[in-house]
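Observations on the model geometry
Residues per chain are reported as follows:
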Amino acid sequence: MCSIDQKRRVPSGFTLVELLVVMSVVGILVGLLLPAINLARESARATQCQNNLRQMALGLHGFAVSNGGRFCTGNFDWKEDGAVTEQGWVADLVRSGILPGELLCPSSQAGVSVTVEQVLTATDWANWRCADPRGGKGERLPTGKWLVNPCRIITDFGAVGDPAVTHRTYVDRRELVQVELIEKGFNTNYGASWFLARSDLKFADRTRMSLASDISGCPPGVWSRASTAGPLRQRLVDNSRASTSSVPLLGDTYEANATLSLPLGDAAAAGSPLAIHRFGGPATWNASTGEIFFPDASSVASSPSGGFTPVLWYEETAQNLLALSPRHRGVCNVAMADGSVRQFHDRNGDGYLNNFSNLPKYRLGSRSPFSSDEAEVAPTDMTTFFSLSRYRGE
């Protein structure tokens, strides 16, 4: 029989080898589980992004019902479209009770639009000619002071307000932007499509199809208000041969080559990326220079056709989608004119959605930003021709 002392010497618990084996197994299991967790998280973010876009697209539809079929009043762009709390699709949605600043894409590194930085820092508004940077004169309150929009405070009252005139004064311009834009929902990290903000082109010479310039001092160009027909209208979509499910309104866009200059509370820290505020616009590819450019007054000499001709517009031009970001594991979400949200896949993994190779008789050169000539956006899935009213539908 074993003595009591012998029984006490029997080892209990884990040995060092057993503990190491258990830790190794746990480490392997965690390593196998983490990719699945990350995949589930990104899937949830992508779903939230789709829901945000769908809610805003439906809001634009509601705006169209109440405003003669016009989807919005323009882009979220102070310089090109006017005072951002009064003009543009973001302001339209805020007035409708939908706050784009609270409907941000969670997968984007940018929490603030380049337009917010524009309001935060721009000083050259006296030279802007395409839209009134000040906006409306405001409302006179019973106190005798004026309730005015933040852009007018910046342009007329030195960014902080005049205590003898304005309804409120601010410590500095940063506080004004924080209070009047960020906290009230005037922000986004999505971009508006060219169709939503500009809809169509206006030509001065229909034979050569040269762009018009009907706003004094505002230069011609495909994004210029002087050369375009204004925000998208339901009638234009209905009369087009393009399906409403293929006309883009809003989408995931890349971060701009710029950063936020000053911190804006919980929205973003100083130095954080800014979101590009637009995508699209008719563009053409110059294989000899390796550049994608927009046909405007400065590009006549270098255009492949040697000028503004139907050949340039119909056969060598497509919507420039380089600003669209397939950030959801190679997928880009885009809200369409029918209220749906479609997914577009970056199949070759180069970070861009290639639609230029869809053009008839068109080949990209070796200096293309795309890694292959594979057509990743079919015109039946997203309308990428230069005009809805002149869309051929081939």
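Scope of this entry: the structure provided in the associated data block. (Residues numbered from 1 in each chain as written. Predicted model: local features only at pLDDT ≥ 70, side-chain atom pairs only at ≥ 80, totals over all residues. Heavy atoms only, no water.)

A closer look at the packing of helix α5 (residues 114–121) against helix α7 (residues 173–180)
Stated precisely, the cut-off is as follows: Axes, fitted as lines to C-alpha atoms, cover a helix only where it is in contact. Angles between the N-to-C directions of the axes lie from 0 to 180 degrees. Secondary structure elements follow DSSP: runs of H or I no shorter than four residues count as helices, runs of E no shorter than two count as strands, and numbering proceeds from the N terminus. To sort the angles, those under 35 degrees are grouped as roughly parallel, those over 145 as roughly antiparallel, those from 65 to 115 as roughly perpendicular, and the leftovers as oblique. Crossing handedness follows the turn of the near helix against the far one: under a right angle anticlockwise gives a left-handed crossing, and clockwise gives a right-handed one. Whether two residues touch is decided by their heavy atoms; if any such pair falls within 4.5 Å, the residues are in contact.
Look at α5 against α7: their axes get within 9 Å of each other, and the N-to-C directions meet at 140°. The pairing of α5 with α7 is recorded here as oblique in orientation. Regarding α5 and α7, the two cross each other, and that crossing is right-handed. Facing α5, whose interface residues are Val-116, Gln-118, Val-119, Leu-120 and Thr-121, α7 presents Arg-173, Arg-174 and Val-177.

Points about the environment of Ala-268
Heads up, the condition is: Buried, partly exposed and exposed residues are distinguished by accessible area as a fraction of the type maximum, computed with a 1.4 Å probe on protein chains only: under 20%, between the cut-offs, and over 50%, respectively.
By the secondary structure assignment, Ala-268 is in the loop between β8 (255–259) and β9 (273–275). Exposure remark for Ala-268: the relative accessible area of 8% places this residue in the buried category. Taking the C-alpha atoms as reference points, Ala-268 and Gln-109, separated by 159 residues in sequence, lie 9.8 Å from one another. Leave out the neighbours within four places in its chain, and Ala-268 touches Val-112, Leu-260 and Pro-263.

Some words on the pattern of salt bridges
Worth spelling out the cut-off: Put simply, a salt bridge is a Lys or Arg side-chain nitrogen that is within 4 Å of an Asp or Glu carboxyl oxygen.
The final tally for this structure, using the stated rule, is 10 salt bridges. Asp-252 is the salt-bridge partner of Arg-327, the closest N and O atoms lying 3.2 Å from each other. Pair noted here: Arg-327 is in the loop between β13 (317–319) and β14 (331–336) and Asp-252 is in strand β7 (residues 248–252), with a separation of 75 residues, a long-range link. Neither residue differs from the other here; Arg-327 and Asp-252 are each classed as buried. The salt bridge involving Arg-327 is made with Glu-255; its shortest N-O contact spans 3.7 Å. One end of the pair, Arg-327, is in the loop between β13 and β14; the other, Glu-255, is in strand β8, and 72 residues separate them in sequence. We classify Glu-255 as partly exposed; its relative accessible area is 27%.

A closer look at the pairing of β14
As a reminder of what qualifies: Only strands that DSSP links by at least two bridges are regarded as paired with each other.
Of all 6 residues in β14, 6 are buried; the element is thus mostly enclosed. Residues Val-331, Asn-333 and Ala-335 line one face of β14 and the alternating positions Cys-332, Val-334 and Met-336 line the opposite face, and both faces are buried. Bridge count for β7 against β14 is 3 bridges, and the pairing is antiparallel. Residue pairing across strands places Pro-248 opposite Met-336, the latter belonging to β14. With 5 bridges joining them, β14 and strand β15 (residues 341–345) adopt antiparallel strand pairing. Bridge assignment links Val-334 to a residue of β15, and that residue is Arg-342.

Brief notes about the state of the cysteines
Stated precisely, the cut-off is as follows: Disulfides are defined as pairs of cysteine sulfur atoms found within 2.5 Å of each other.
Applying the stated criterion across every chain, the model contains 1 disulfide. Cys-49 takes part in no disulfide bond, and the closest cysteine sulfur to it belongs to Cys-105, at a distance of 3.8 Å.

Remarks on unusual backbone geometry
Look at Ser-199: it is not a glycine, yet its phi comes out positive at around 65°. Mapped onto the fold, Ser-199 is located in the loop between α8 (194–197) and β5 (203–205). Here Ser-199 falls in the buried class, since its relative accessible area comes to 3%. At Arg-329, a residue that is not glycine, the phi angle is positive and equals roughly 55°. Relative to the helices and strands, Arg-329 resides in the loop between β13 and β14.

Overview of the sheet that holds β8
Pairing in this open sheet of 3 strands is mixed, and the strands run β1-β9-β8 from one edge to the other. Looking at the sheet topology across the chains shown, the edges are occupied by β1 (112–113) and β8. The sheet contact formed by β8 and β9 spans 2 bridges and is antiparallel. Directly across from Glu-255, in β9, lies its bridge partner Ala-275.

These results come straight from atomic positions and should not be treated as a statement about function.
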